[in-house]
Amino acid sequence: MLRFRREFCATLLLLCVSRSTRLSASLADAEPVLIRPLKVYESLIKGVHDHFNNTCIILFHGTMNVIEKKGLEDMEGLLALQRYLSGSLNIRTVIMDFSMFKDRVGKTYHHIKRPLFVLLNDLDEIREQFISVSKWITMSYPTWLLFLRDGTRFDEFLSNVYVPFDCILMVTQRDSKGTGEIVRDVYQISKEDNLRSMKFGEWNAREGFQGPQLGLYQRRNDLNGRNIRVVSVHDPPVSRIIRNKAGQPSRIGGFFGEVIQLLQKGMNCTFTYMEASSWGTRLPNGTWTGSIRMLVEDKADLAATELMMSSDRLEAIKFTTPVYSTKCRAYIRRPDTTAVKWNTYLAPFAFNVWNAIGLTVVVVALTITGIDVLSRKVNWFPVDLRPNSRSTLSEILFYVFGAFCGQGMEPSPLDPTRLVHLNVHLTGVVVLAAYSAALISFLAIKTFVMPFTTMEGLLKDGTYRFAVVGDSADYSFFQNTSDTMLTVMFEELLARELDLPVNYFDGLNRVCQEKKYAFMTLDNMATVLQGKVECAVEPLDAIMQTTIAMAVPSHSPYRGIIDTKQNLVGLR
């Protein structure tokens, strides 16, 4: 038994020595995780972090078990780098490989705000994992920093990785002297395009990291002739589909046609045009119609038409910088009949003015009557100057009223009466001139009475039909509103309309052609189209404030450059 134990221990010792020897040989042959000195990693990563103001850093090493496969020295280096970034700089930093990232973080990475992902080396393990992750992650969401060895070409390392136009992916390699780092910005204009690069910055031990002075789309300001598929809706005059001889859309006219022509010149790209039957709305099964559907299904790159921003659309697509902001309201045909106003001839003067005129007439008549009576009782005047006939008070009132109406008065031989007559005539001229001018203006202006001015009034009237553009955000607004009154309008009026207008021009035409028809449109569209329809339309009170913009697919790499070019041409 004792002999057996000795032989077993000897055998176990030989196995341990053999395995240790093989592990040591394996570690000796293994390539290190850190392919730069620790100080280079620390300073360069800090510089990039400060430039982009990232909130956290994830260090990817590409090996599932660093100690077993790489050795304790590599693990100590990784921990030292993490301690420097987390402890000394107070930057939240974690170390992991892409397999751990997929298992523990996965598609919840969007909860990490402005992350910096650092690939510490260019070994085959990390390359294969990076290719796999790039298939499902939104590459433009994090900021990427990739460390390459001298002999590695970035186009070979990234040959199976799509780097979108809006993705910030930097590769750094040592300079020709081996004392500094050259950082390059890498991207693709499209999946079919080759990788492009430009110098992003440089690093050296004395000055640290020096990044670019220009912004992302000041550096990437050219699509190099890339074809952009543009979809629009025929809605004159803001967007008009112009066709070639074969009947195919060849370009867009109107306001949005001018906008995309400016974008085309600024981005150096070409456009292919398509037409959608409507702007688009979400169906009960969650699918979309019109131009929104073409964006969701990746059949178009840009919707160049007046799309209204709404919460349900924001879940499916992304909007560009707003083109303009306006109000939505319903319009009806201006009433044909002019209202009869029985107070028209009294309206030029206020009530108090009429009272003052009437009191003046009475006072003047009493004054003239008093002078006449006094002249007969008191011998102040010669007999030949006394009035021959005696007028009654009612006759004098009529004479004074006639003076205010521009009529003459019977002359009097008495000087006091003449002075009163003079004052009456002067006052009458002024009053009559003012009244005549005011009356003429009242009669010259044609007035009408609106049957209602609010949406609630439209609903209570009960004789008007109400419509919006079909397959539009206008329709979705009434369909999904939480406002009780608007919900009732949708159920009792809008839902009953089986033939909705296809655009704003069609809707306003129906307002003119059909009896008692109300249509909701944008204020600016009503202003533009007012001269193109057959009647005058009148607005009701505003329903909501809305913002109009163009749109791109939810993960479009061109949204940033479109927004930048819009701002440069003044479309904000």
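As shown above, the structure is provided for reference.
This structure is a prediction, so every number in the text was calculated from the model and none was measured. (Residues numbered from 1 in each chain as written. Predicted model: local features only at pLDDT ≥ 70, side-chain atom pairs only at ≥ 80, totals over all residues. Heavy atoms only, no water.)

Help me understand helix 13 (residues 393–404), please; the structure alone is not making it clear to me.
At 3.6 residues per turn, the α-helix brings residues three or four places apart onto the same side. An ideal rise of 1.5 Å per residue puts 16 Å on twelve residues; helix 13 measures up with 17 Å between its terminal C-alpha atoms. For helix 13, the complete set of buried residues consists of Ile 396, Val 400, Gly 402, Ala 403 and Phe 404. Phi turns positive, to about 95°, at Gly 406, one or two residues after helix 13. (Helix = DSSP H or I, 4+ residues; strand = E, 2+ residues; numbered from the N terminus. Expected span 1.5 Å × (residues − 1). Buried < 20%, exposed > 50% of the residue type's maximum accessible area, 1.4 Å probe, protein only.)

When you look at helix 2 (residues 38–52) in this model, what are you seeing that I'm missing?
With 15 residues, helix 2 ought to run about 21 Å at 1.5 Å a step, and its terminal C-alpha atoms sit 22 Å apart, in line with that. Taken residue by residue, helix 2 has Val 40, Tyr 41, Glu 42, Leu 44, Ile 45, Gly 47, Val 48, His 49 and Phe 52 as its buried positions. Just beyond helix 2, the residue with positive phi is Asn 53, at close to 55°.

Even after reading the chapter, I still don't get the packing of aromatic side chains, so can you show me in this structure?
Given two aromatic rings, their pairing is described by the distance between the two centres and the angle made by the two planes. On inspection of all chains with the given rule, the structure shows 26 aromatic pairs. On the numbers, 5.4 Å between centres and 75° between planes, the contact of Phe 60 with Phe 117 is edge-to-face. With Phe 60 in strand 1 (residues 56–60) and Phe 117 in strand 3 (residues 115–119), this pair connects stretches of sequence that are 57 residues apart. You can call Phe 60 buried: its relative accessible area is 0%. (Phe/Tyr/Trp six-rings, centres within 6.5 Å; stacked < 30°, edge-to-face > 60°.)

Explain the pattern of salt bridges here, please?
A side chain of one charge can pair with a side chain of the opposite charge when the charged atoms of the two come close. Overall, the coordinates contain 27 salt bridges when judged by the stated rule. For Glu 207, the salt bridge is made with Arg 206, and the minimal N-O distance between the two is 3.6 Å. By relative accessible area, Glu 207 is classed as partly exposed at 42%. The closest approach of N and O atoms between Arg 334 and Glu 538, which form a salt bridge, is 2.5 Å. Taken together, the residues Arg 334 in the loop between strand 15 (324–333) and helix 12 (351–377) and Glu 538 in strand 18 (residues 537–553) connect sequence positions 204 residues apart. The class of Arg 334 is partly exposed, set by a relative accessible area of 34%. What emerges from the salt-bridge pattern is a single network uniting Arg 153, Asp 155 and Glu 156. (Salt bridge = Lys/Arg side-chain N within 4 Å of Asp/Glu carboxyl O.)

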